[in-house]
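Here's the letter readout for the chains.
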There are 2 protein chains.
Amino acid sequence: MEERQISKAVIKRLPRYYRYLGEMLQNGVERISSGELSNKMQVTASQIRQDLNNFGGFGQQGYGYNVKYLYDEIGRILGVDKLHPMIIIGGGNFGHALANYDFEKNGFVTKAIFDVRPSLVGTSVRGIPVLMMDELESFVEKERVEIAVLTLPKDRVAEAAGRLVACGIKALWNFAHLDLDVPKDVVVENVHLVDSLMQLSYRISNYESGKEKEE
Amino acid sequence: MEERQISKAVIKRLPRYYRYLGEMLQNGVERISSGELSNKMQVTASQIRQDLNNFGGFGQQGYGYNVKYLYDEIGRILGVDKLHPMIIIGGGNFGHALANYDFEKNGFVTKAIFDVRPSLVGTSVRGIPVLMMDELESFVEKERVEIAVLTLPKDRVAEAAGRLVACGIKALWNFAHLDLDVPKDVVVENVHLVDSLMQLSYRISNYESGKEKEE
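Here the structure is a predicted model, which means the values were calculated and not measured.

Parameters at a glance
Residues numbered from 1 in each chain as written. Chains lettered and ligands numbered in written order. Predicted model: local features only at pLDDT ≥ 70, side-chain atom pairs only at ≥ 80, totals over all residues. Heavy atoms only, no water. Salt bridge = Lys/Arg side-chain N within 4 Å of Asp/Glu carboxyl O. Helix = DSSP H or I, 4+ residues; strand = E, 2+ residues; numbered from the N terminus. Buried < 20%, exposed > 50% of the residue type's maximum accessible area, 1.4 Å probe, protein only. Phe/Tyr/Trp six-rings, centres within 6.5 Å; stacked < 30°, edge-to-face > 60°. Pairing = 2+ DSSP bridges. Contact = heavy atoms within 4.5 Å. Axes fitted to C-alpha atoms, helices over the stretch in contact; angles between N-to-C directions. Buried area = accessible area lost by both parts, 1.4 Å probe. Polar contact = N/O pair within 3.5 Å; in protein donor to acceptor, adjacent residues only side chain to side chain. Nonpolar A, V, L, I, M, F, W, Y, C, P; charged D, E, K, R; others polar. Least-squares fit on C-alpha atoms with pLDDT ≥ 70 in both.

## What about the pattern of salt bridges?
- On inspection of all chains with the given rule, the structure shows 28 salt bridges over all chains.
- Between Arg19 of chain A and Asp195 of chain B there is a salt bridge, with its nearest N and O atoms 3.2 Å apart. Residue Arg19 of chain A is found in helix H1 (residues 8-26), and its partner Asp195 of chain B is found in helix H8 (residues 193-207); the two belong to separate chains. Like Arg19 of chain A, the residue Asp195 of chain B is buried in the burial classification.
- With its nearest N and O atoms 2.5 Å apart, the salt bridge here joins Lys68 of chain B to Asp72 of chain B. With a gap of four residues between them, Lys68 of chain B and Asp72 of chain B both fall in helix H4 (residues 67-78), about one helical turn apart.

The following block contains the structure:
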């Protein structure tokens, strides 16, 4: 398959394709035209063709897509065909909630939750142990942890991120409401909940007046 | 201020401007040049000028921006100068975690958590009562609830969304991993965690090979 530069917008759409294709597979659909896929996903057929052409196509004119093949290929592109060992930093409400999520089925395996509160020593969430922060470096190395989920208070995130980067973590999934300053080769994916709520309130305030436009 | 169509990309950046300006205000900064703002935010100065020009400018050539004024105006544009009554549907881990978040300081006031489990009747989270789903419609009307946060399992979201739309909710903040089918005048903002993780794993797999490009 030819390799070329892929835009962020395409990468954003891939997980959605993957999700829809997974649902079709579950429903026993074997083949789908770009027109049908377009209808289901409310994305234009030409957009779908264009997106998939970034990765070499997958469809034959007039024959549509083989659902299983497309699903597997997109999974491979997204890297969810591999296991990704993950840890959660912060054993508060949010860390707990995330530990209860079954990200495993997409290859993201939570190995431990890290906290600083001695009262949490020996506890676990869904079988995932809560460990103390002084075990962080040795655990990351031993378990070859790739991803750290940051659910710490804002004022303690920078220090934790620094330690994680120093021990070779590849990616930070950041729920703290600030932008991290890390080396360029560390992947950061932010989930800024307050930003999301503000976009929502912008849209509440401006929807009626028709000021919003699609891009 | 002149009204015109604003692109989604600009709306996405506004909460970030608002956050940085808020931090500057807290640190006693009164005035900032677009160059300094650009440095702090790692967005080009011309991008900042362009974004703010969508709303009429706010800056005088050579004088920079008045931080407090810009902060207040962006807050007004985002609609966070008003109170937004909110409810959480689903009293599980995630609903709990969100109820513990202090969204109030940006005007988002959680009034209640709704669930179907009778064992939760009479309980509360940080003073926010857990109510049963059969009280939903009357509560939304009485409290003039604008926003419903959906933290339900995937197979129960559609029904809840339908009831919320029917009783006049303005916006859905959706954490369930599916796309909602609601009338066009209902605002939907999705937080699809699995999609976010998949973008992260894509970037882990492809960063080294330099396939990713900025947009």
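## Comments concerning the packing of aromatic side chains
- Inspection of the entire model under this criterion finds 15 aromatic pairs over all chains.
- Geometrically, the ring pair formed by Phe103 of chain A and Trp173 of chain A is edge-to-face, given 5.6 Å between the ring centres and 80 degrees between the ring planes. Within this pair, whereas Phe103 of chain A is found in the loop between helix H5 (93-99) and strand E5 (108-115), its partner Trp173 of chain A is found in strand E9 (residues 171-174), the two being separated by 70 residues in sequence. With respect to class, Phe103 of chain A is no different from Trp173 of chain A; both count as buried.
- Aromatic pair Phe94 of chain B and Phe175 of chain B: ring centres 5.2 Å apart, planes at 55 degrees, arrangement tilted. Here the residue Phe94 of chain B occupies a position in helix H5 (residues 93-99), and Phe175 of chain B occupies one in the loop between strand E9 (171-174) and strand E10 (187-190), the gap between them amounting to 81 residues. Per residue, the accessibility class of Phe94 of chain B equals that of Phe175 of chain B, and both read buried.
- Three or more aromatic residues joined by ring pairs make a cluster, and in this case those are Phe94, Tyr101, Phe103, Trp173 and Phe175 of chain A together with Phe94, Tyr101, Phe103, Trp173 and Phe175 of chain B.

## Notes on the sheet that holds E10 of chain B
- Taken in spatial order, the seven strands make up an open sheet running E6-E7-E5-E4-E8-E9-E10 (chain B), and their pairing is mixed. Among the strands making up the open sheet, the edge pair consists of strand E6 (124-125) and E10 of chain B.
- Bridge count for strand E5 (residues 108-115) of chain B against strand E7 (residues 128-132) of chain B is three bridges, and the pairing is parallel. The partner of Ile113 of chain B across the bridge, within E7 of chain B, is Val130 of chain B.
- Contacting strand E4 (84-89), E5, strand E8 (147-150), E9 and E10 of chain B, helix H8 (residues 193-206) of chain A runs over the sheet at an angle of about 165 degrees to E10 of chain B.
- Contacts between helix H7 (residues 154-166) of chain B and the sheet are confined to E4, E8 and E9 of chain B, with E8 of chain B contributing the most and set at about 175 degrees to the helix.

## So, the interface of chain A and chain B
- At the interface, 70 residues of chain A touch 71 residues of chain B.
- Across the chain A to chain B interface the summed buried area is about 6,800 Å²; carbon plus sulfur atoms make up 60%.
- Broken down residue by residue, the surface that chain A buries against chain B is led by Leu197, Met198 and Tyr202 of chain A, which jointly contribute 10%.
- Across the contact surface, chain A and chain B share ten salt bridges.
- Across the pair Asp179 of chain A and Arg19 of chain B runs a salt bridge whose closest N-O atoms are separated by 3.6 Å.
- Where chain A meets chain B, there are 20 residue pairs in polar contact (both at pLDDT 80 or more).
- By residue number, the principal contributor to the side of chain A that touches chain B is H8 of chain A, which donates 14 residues.
- Residue composition of the side of chain A that touches chain B, by class: 34 nonpolar, 15 polar and 21 charged.

## Some remarks on the relation of the copies chain A and chain B
- Each copy superposes on the other: chain A lies on chain B with an RMSD of 0.0 Å after a rotation of 180 degrees and an axial shift of 0.0 Å. Such values leave the two copies arranged in the relation of a two-fold axis.
- Taken together, the interface assignments show that 100% of the residues at the interface of chain A recur at the interface of chain B, consistent with an identical surface on both copies.

Keep in mind these numbers describe shape, not what the thing actually does.
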